[in-house]
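# Fold and contact review
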Amino acid sequence: MEPEETGWASDDVYCDQRGYCPAINKVQSRACAQQWENGKAMADMTHSTTSSGPRNAEEGAITRFLRATEIDTRLLGMIAALLIIWIGFDLYLRIFDGREFLTARNLWNLSVQTCEIAVLATGMVLVIVTRNIDLSVGSVLGFVAMIMGVMQAKWLPQYLGFDSSWTWIITLLCGLVIGTAIGAFQGGIIAFMNVPSFIVTLGGLLVWRGLAWYVTSGQTVAPMDSTFIIMGGSGATGSIGANWSWIVGVLACLMIITGIVGSRRQRKRFGFPRRPLWAEYFLGCLGSVVVLGTIYLFNSYNWPVGIAKRYATEHNIAWPEGGLDIPYGISVPVLIAVVIGIVMTFIATRLRFGRYVFAIGGNPEAAELAGIKTRWVIVRIFALMGLLAAVAAAISTARLNSAVNSQGTTYELFTIAAAVIGGTSLAGGSGTVAGAMLGALVMQSLQSGMGLANVDTPIQNVVVGIVLVVAVWLDIVYRSRAK
């Protein structure tokens, strides 16, 4: 009998490295391992009889490197596309406008602007993997945001007073409960009443947007609680500073190394092949360099002079002749998004619930026959999506320091686009949380770059639409070749 930790995969999820499935980062089964071994032997035989010339040798070296390191080629392609976008906009702005795109200030702001879609995309991955869709996330975000705004500005001050230490806690908890309840309600209709998710969530898009307007008759609610707005990354208190950023970076590097060591021990324990030691060292060093480089970039963006002077006055700090350089460091919403990404990755790849999600996406009938309570899994997925919509609503409201009726408009489209661009298949069964978050960064980079280049909004929508269609086409091509 296979141990529980091995899990399973659907028939159309490609497993390599003798049973290791990069789509969900899990070792699947010894049947998959044997299937991969047979495929590798056939590939080696074909390569030995057909390869010739230096070009084929070079392609073989690249293939062996990717196979040894187990780097997802689609994720690698997205990173390359992101770098092309950044460099392209930077060159364009330098030549035609005399400005720069690749600056610490712009990239810091870009990271903050990406957080809301990134948080939503982590949940949308699980929704799409199960062959469902959620068109209501933007409206749920707007409705929950309006409830949070009214609670802080009108309801709670009547009982707790303004700037009470309990205001932001009660507001956040109520928002999370409401978002989860909305998601569970929609999931229940989909699972137990057999109404297609497209119809249910399309109705939710209209219903929750209408209720968001009804709460305040379309009026903007402001300002928010002074502690609550920290979650939006606004002002000097919206970041954790240079020292704490370096501490978080070091802890992240330790987590990367610990994860690599733990994965190696896990493979040894169950008798599965391990990556070469040089590949383990390479991945550990690469991950650490990316993390520490990002921390250095965030610490290179300093507070504006006005905020720094006010801070110096409040803390009795003498203003030096050259000014006072105080780095922002990691913003709070970025930290929240990263933590949510880690938690969602753990849920999708390490828990039984995650395995059930991918099993349902691969073959719903087989999953139900195997004893999985597919209906309750669907309810939990949509409840989780509602919870994440509430988190995104808190970040959005805190960043704007207000609740407006237009919050979350078109977010459902950008969230779906981020998940699909990140490699989540609309056919179900495959997708990664990291890819979806990277897809959100790609989407926001396009919007931010086109905004700096003074591209008209209709043209921006055209570009985003084209990118989405191309991403889906590339996914179809990738899956057809994998088969």
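Notes on the structure follow. Sequence order sets the numbering: in each chain, residues are counted from 1 along the sequence as written. Local features are withheld for residues below a pLDDT of 70 in this predicted model, meaning they are given only at 70 or higher, and side-chain atom pairs are given and counted only at 80 or more; totals for whole chains, interfaces and linings count all residues. With hydrogens and water set aside, each side-chain value is computed from the structure's full complement of heavy atoms.

## Looking at the packing of aromatic side chains
To describe a pair of aromatic rings, one takes the distance between the centres and the angle between the planes. Working definition: rings of Phe, Tyr and Trp (its six-membered ring) pair if their centres are within 6.5 Å, and the pair is stacked with planes under 30 degrees apart, edge-to-face with planes over 60 apart, and tilted otherwise. Counted under the stated rule, the structure contains eleven aromatic pairs. Taking the centre distance of 4.7 Å and the plane angle of 25° together, the rings of tyrosine 301 and tyrosine 328 count as stacked. In this pair, tyrosine 301 sits in the loop between helix H10 (277-299) and helix H11 (305-314) while tyrosine 328 sits in the loop between H11 and helix H12 (332-350), placing the two residues 27 residues apart along the sequence. Burial here depends on accessible area, computed with a 1.4 Å probe over protein chains only, as a share of the maximum for the residue type. Under 20% is buried, over 50% is exposed, and the range in between is partly exposed. Taking the relative accessible area as the measure of exposure, tyrosine 328 reaches 6% and is therefore buried. Aromatic ring contacts, followed pair by pair, group Trp108, Tyr301, Trp303, Tyr311 and Tyr328 into a single cluster. Charge-over-ring contacts are defined here by two conditions on Lys NZ or Arg CZ: a distance within 6 Å of the ring centre and an angle within 35 degrees of the ring normal. The cationic tip of lysine 309 hangs over the ring face of tryptophan 319; the distance from NZ or CZ to the ring centre is 5.6 Å. Strands are runs of DSSP state E lasting at least 2 residues, helices are runs of H or I lasting at least 4, and numbering of each runs from the N terminus.

## Here's the deal with the pattern of salt bridges
Between Lys or Arg on one side and Asp or Glu on the other, a salt bridge is scored when a side-chain nitrogen of the former is within 4 Å of a carboxyl oxygen of the latter. Enumeration according to the criterion identifies eight salt bridges in this entry. The partner of arginine 267 in a salt bridge is glutamate 70, and the shortest N-O contact between them spans 2.7 Å. Here glutamate 70 lies in the loop between helix H2 (53-69) and helix H3 (73-96) and arginine 267 lies in helix H9 (residues 241-270), a separation of 197 residues in the sequence. The pair formed by arginine 267 and glutamate 70 is uniform in burial state, with each residue classed as buried. For glutamate 116, the salt bridge is made with arginine 399, and the minimal N-O distance between the two is 2.9 Å. Linking glutamate 116 in helix H4 (residues 104-129) with arginine 399 in helix H15 (residues 374-400), this pair joins segments that are 283 residues apart in sequence.

## Digging into the packing of helix H5 (residues 137-155) against helix H16 (residues 411-421)
Orientation of H5 relative to H16, taken along the N-to-C sense of each, is 130°, at an axis distance of 6 Å. On the basis of their axis angle, the class for H5 and H16 is oblique. Between H5 and H16, the residues in contact are Val137, Gly138, Ser139 and Leu141 and Tyr411, Glu412 and Thr415, respectively. Polar here means any residue other than Ala, Val, Leu, Ile, Met, Phe, Trp, Tyr, Cys and Pro, which are nonpolar, and Asp, Glu, Lys and Arg, which are charged; Gly is therefore polar. Counted by class, the contact of H5 with H16 contains three nonpolar, three polar and one charged residues. Axes, fitted as lines to C-alpha atoms, cover a helix only where it is in contact. Angles between the N-to-C directions of the axes lie from 0 to 180 degrees. The labels follow the angle: roughly parallel below 35 degrees, roughly antiparallel above 145, roughly perpendicular from 65 to 115, and oblique for the rest. Whether two residues are in contact is decided by their heavy atoms: any pair within 4.5 Å suffices.

## Digging into the nonpolar core
Take the buried Ala, Val, Leu, Ile, Met, Phe, Trp, Tyr and Cys residues and link them wherever side-chain atoms come within 4.5 Å; each set so joined is a nonpolar core. Grouped together as the largest cluster of nonpolar side chains are 114 residues, with contacts concentrated most on Trp86, Val119, Leu120, Met124, Leu126 and Met344. Looking at this core element by element, the count peaks at 17 residues for H4. Each domain's limits were defined by an automated method or a database of domain assignments. Taken domain by domain, this core gets at least three of its residues from each of domain 1 (71-234 + 353-481) and domain 2 (239-330). With near-sequence residues (within four places) excluded, methionine 124 lies in contact with Asp134, Val137, Met385, Thr415, Ile416 and Ala419.

## What about H11?
Note: α-helices contain 3.6 residues per turn, so residues at a spacing of three or four share the same orientation. Among all positions of H11, only Ile307, Ala308 and Ala312 are buried. Looking down the long axis of H11, one finds its buried residues gathered within 135° of arc, a one-sided arrangement. In H11, the exposed residues that point more than 90 degrees away from the buried face are Thr313 and Glu314. At the C-terminal side of H11, asparagine 316 shows a positive phi close to 55°. Here the arc refers to the directions that run from the helix axis out to each C-beta atom.

## Notes on a nonpolar patch on the surface
Like-charged residues are merged into a patch within 9 Å and nonpolar side chains (Val, Leu, Ile, Met, Phe, Trp, Tyr) within 5 Å, provided each residue has over 30% relative accessible area and no salt bridge. Using a 1.4 Å probe, the Shrake-Rupley method yields the accessible areas, and only the shown protein chains count as cover for residues. Taken together, the side chains of Ile79, Leu83, Ile87, Leu91, Tyr92, Ile95, Phe96 and Leu102 define a hydrophobic patch exposed on the protein surface, amounting to about 790 Å² of accessible area. Note that leucine 102 resides in the loop between H3 and H4.

## Quick notes on unusual backbone geometry
Of the consecutive residues alanine 222 and proline 223, the connecting peptide bond is found in the cis state with omega at -5°. Looking at where proline 223 falls in the secondary structure, it is placed in the loop between helix H8 (197-216) and H9. Unusually for a residue other than glycine, asparagine 454 sits at a positive phi of about 60°. With respect to the helices and strands, the residue asparagine 454 is situated in the loop between helix H17 (433-452) and helix H18 (457-482). Of the residues examined, asparagine 454 reaches a relative accessible area of 61% and is grouped as exposed.

## Observations regarding the side chain of serine 239
By the secondary structure assignment, serine 239 is in the loop between H8 and H9. When its relative accessible area of 12% is taken as the criterion, serine 239 is described as buried.

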